[in-house]
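Next come the chains, spelled out residue by residue.
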Amino acid sequence: MKMPNNGWKSIDWAVVQKKIFKWQQEIYLASKNGDKCLVRHLQHQLLNSLEAKLLAIRKVTQDNTGKTTVGIDGVKKFPPSQRLALVEQLKFPTKAKPLRRVWITKPGTNEKRPLGIPTIKDRCLQTLLKIALEPEWEAKFEPNSYGFRPGRNTHDAIKAIYDATVKGSKYVFDADIAKCFDRINHDYLLDKIGLKGKLRKQIQYWLKSGVLDAGTFSVTEQGTPQGGIILPLLANIALHGLENYLKKWISDKPVKSRTGVLLKPGRRAKSIHVIRYADDFVILHNDKQIVLQAQEEVKRFLKPIGLELSETKCRFTHTLDLQKCDTEAEGFDGTVGFNFLGFTIKQFKTRHRSAKATTGQPLGYKTLVYPSKKAINKYQEKLHDLVLKQGKQLDQKALIKKLNAVIRGWASYFGVSFGNTTGHLGKQDFLLYLKIRRWAKRITGKSSSGTKFWSRLGSRKWVFKSVKSIRSTKRRDYFTSTH
């Protein structure tokens with residue numbers, strides 16, 4: 001492909017994306033077959049191609065929602081007239097500029113976590129390298145790793161946990177890595193990536209670029225600062241291997257089935273489940289001693305990476321019930337079930353619609369996945385702020401518009417759970433109604449006058465609806481809960 005003569009808008013993006021996708025497929029297959037030489041050859045071809053550079057620039061300056069985020073150079077955006085000129089500047093290695101430090105509040109807490117914002121040029125270079133590096137590692141990554149990967153999301157991780165527990169109860173090690181992105185050992189990471197020469201040097205530049213926080217420069221001797229485009233991929237590479245490490249470890253242990261039969265090594269590896277989303281992961285097994293010992297094995301795996309488990313966020317539990325021998329000294333806090341990615345996973349005893357074991361026999365309990373208490377409280381706080389605080393300055397039409405956006409996000413995320421069955425989602429609709437009724441009374445001054453904001457819509461008799469047919473919908477209007 002030649003440089004377009006008629007400017008940025010004349011580029012045929014369908015042709016560009018098709019060619020890059022073909023290159024990425026070839027890299028993926030070569031990596032899957034273990035042909036490292038072919039992988040490197042294809043990656044260098046891709047990195048030197050005009051198509052990859054154009055696509056990298058488009059992703060950063062046009063498609064990305066954070067395209068106007070400013071780095072330390074103060075450049076807010078690249079208009080189309082300047083984007084083609086940036087192509088010639090995308091070369092490896094290029095000395096990286098320091099990151100601009102931004103502090104954001106962690107959801108549900110008063111803590112703040114740091115983000116490092118690279119310059120637009122550095123973001124384009126990171127995107128370019130990610131285009132070539134990602135397919136190689138997608139062919140290697142473990143099946144139960146879900147964070148920051150194309151085509152995978154939090155719902156896939158929750159589904160993997162559900163599948164691991166639906167046929168039998170499990171002991172759980174709910175783990176969290178302390179300050180994962182801030183402590184990764186640079187030398188370990190660079191060696192694990194396996195790149196040499198210019199590309200290794202380029203990644204080293206990004207890792208050690210330093211941070212500028214309110215005019216104060218600080219070096220970055222470890223960690224992958226959050227905010228860069230390629231850094232989540234690098235963090236995934238650093239943590240890659242945990243699942244296989246534990247499966248290999250358990251293959252040498254005398255593991256028994258639920259019936260007491262000693263399992264063969266191949267089946268032992270399948271008996272343990274390790275589901276990871278970024279730096280959060282859970283380990284599940286029906287044998288308590290295996291789960292307890294797995295904690296020490298995880299520590300051994302993390303040590304050369306420069307990481308440690310968070311002592312305050314790690315806990316042991318069981319999906320169904322705890323025994324008297326499951327003591328606090330071992331790490332059990334007495335609470336059954338666990339939270340992961342905003343969901344609670346817990347089993348309940350029942351004689352009706354019981355789950356069945358692999359033999360077809362009823363288990364006497366059922367696995368349920370529903371929104372966690374923390375997620376619900378956060379949602380209600382958001383609605384309270386929107387309806388009863390911001391709503392003071394909003395008319396009905398503006399309030400409905402804002403409400404629908406929040407409800408739509410809640411419904412799309414938690415609608416895939418058993419929240420309808422457990423009543424969690426229906427309760428949120430009722431609590432929202434109470435907030436809106438209070439808003440209506442405040443606007444009119446009387447409870448009876450507030451009813452004018454509701455009217456009939458089809459078969460529904462009580463819909464929060466404006467005269468211009470803009471209505472606030474319940475979460476069931478956006479999503480029908482299925483699992």
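Refer to the preceding data block for the structure.
Note that the coordinates shown come from a computational prediction; the quantities given were computed from them, not determined experimentally.

The rules behind each value
Residues numbered from 1 in each chain as written. Predicted model: local features only at pLDDT ≥ 70, side-chain atom pairs only at ≥ 80, totals over all residues. Heavy atoms only, no water. Buried < 20%, exposed > 50% of the residue type's maximum accessible area, 1.4 Å probe, protein only. Helix = DSSP H or I, 4+ residues; strand = E, 2+ residues; numbered from the N terminus. Arc of directions from axis to C-beta. Pairing = 2+ DSSP bridges. Axes fitted to C-alpha atoms, helices over the stretch in contact; angles between N-to-C directions. Core = buried A, V, L, I, M, F, W, Y, C linked by side-chain atoms within 4.5 Å. Phe/Tyr/Trp six-rings, centres within 6.5 Å; stacked < 30°, edge-to-face > 60°. Lys NZ or Arg CZ within 6 Å of the ring centre and 35° of its normal.

Student: Please give an account of helix 9 (residues 197-207) that cites residues and values.
Tutor: Taken together, the buried positions of helix 9 are occupied by Leu199, Gln202, Ile203, Trp206 and Leu207. When helix 9 is viewed along its axis, its buried side chains cluster within an angular range of 135° and face the same direction. Across from the buried face of helix 9, at angles greater than 90 degrees, the exposed residues are Gly197 and Lys198.

Student: Go over the sheet that holds strand 7 (residues 280-285), please, and point to the residues and values.
Tutor: Judged by pairing direction, the sheet is antiparallel, and its 4 strands sit side by side in the order 6-7-3-8 without closing on themselves. Each end of this open sheet is capped by a strand with a single partner; those strands are strand 6 (273-277) and strand 8 (315-318). Strand after strand, the sheet turns through a mean of 20° between neighbouring axes, direction not considered. The sheet contact formed by strand 3 (residues 171-176) and strand 8 spans 4 bridges and is antiparallel. Residue pairing across strands places aspartate 174 opposite arginine 315, the latter belonging to strand 8.

Student: Could you give an account of unusual backbone geometry, naming the residues involved and the relevant values?
Tutor: Between phenylalanine 92 and the following residue, proline 93, the backbone shows a cis peptide bond with an omega angle of -5°. In this structure, proline 93 sits in the loop between helix 4 (80-87) and strand 1 (99-105). Positive phi outside glycine occurs at phenylalanine 148, with the angle close to 55°. Along the chain, phenylalanine 148 turns up in the loop between helix 5 (120-138) and helix 6 (154-165). Classification of phenylalanine 148 by relative accessible area gives partly exposed; the value is 43%. Even without a glycine there, the phi angle at arginine 353 is positive, about 55°.

Student: How would you sum up the pairing of strand 11 (residues 365-371)? Please name residues and give values.
Tutor: The buried count for strand 11 comes to 6 of 7 residues, which makes it a mostly enclosed element. Sheet topology note: the strand 10 (residues 343-349)/strand 11 ladder contains 7 bridges and is antiparallel. Directly across from phenylalanine 343, in strand 11, lies its bridge partner proline 371.

Student: Any chance you could break down the nonpolar core for me, citing the residues and the numbers?
Tutor: The biggest cluster of nonpolar side chains holds 82 residues, and the ones touching the most others in it are Leu133, Ile203, Leu234, Ile237, Ile283 and Leu302. The element best represented in this core is helix 5, accounting for 9 residues. Core analysis: the next-biggest nonpolar cluster, separate from the first, contains 45 residues, Ala160, Leu368, Tyr379 and Phe414 among them.

Student: Quick one: what's the story with the packing of aromatic side chains, residue by residue and with numbers?
Tutor: For the structure on display, the rule yields 20 aromatic pairs. Ring plane angle 70° and centroid distance 6.0 Å describe the contact between tyrosine 171 and phenylalanine 332, whose orientation is recorded as edge-to-face. Here tyrosine 171 is found in strand 3, whereas its partner phenylalanine 332 is found in the loop between strand 8 and strand 9 (338-340), with 161 residues between them in sequence. The exposure classification of tyrosine 171 matches that of phenylalanine 332, with both residues buried. Ring geometry for tyrosine 379 and tryptophan 410: centres 4.0 Å apart, planes at 10°, overall stacked. One end of the pair, tyrosine 379, is in helix 14 (residues 373-389); the other, tryptophan 410, is in helix 15 (residues 396-414), and 31 residues separate them in sequence. Comparing tyrosine 379 with tryptophan 410, the two get one shared label, buried. Each residue in the set Phe430, Tyr433, Trp439, Phe453, Trp454, Trp462 and Phe464 is aromatic and connected to the rest through ring pairs, giving one cluster. The ring of tryptophan 13 has arginine 58 lying over it, and the distance from NZ or CZ to the ring centre is 4.8 Å. The positively charged end of arginine 101 is found above the aromatic ring belonging to tryptophan 103, 5.7 Å away from the centroid.

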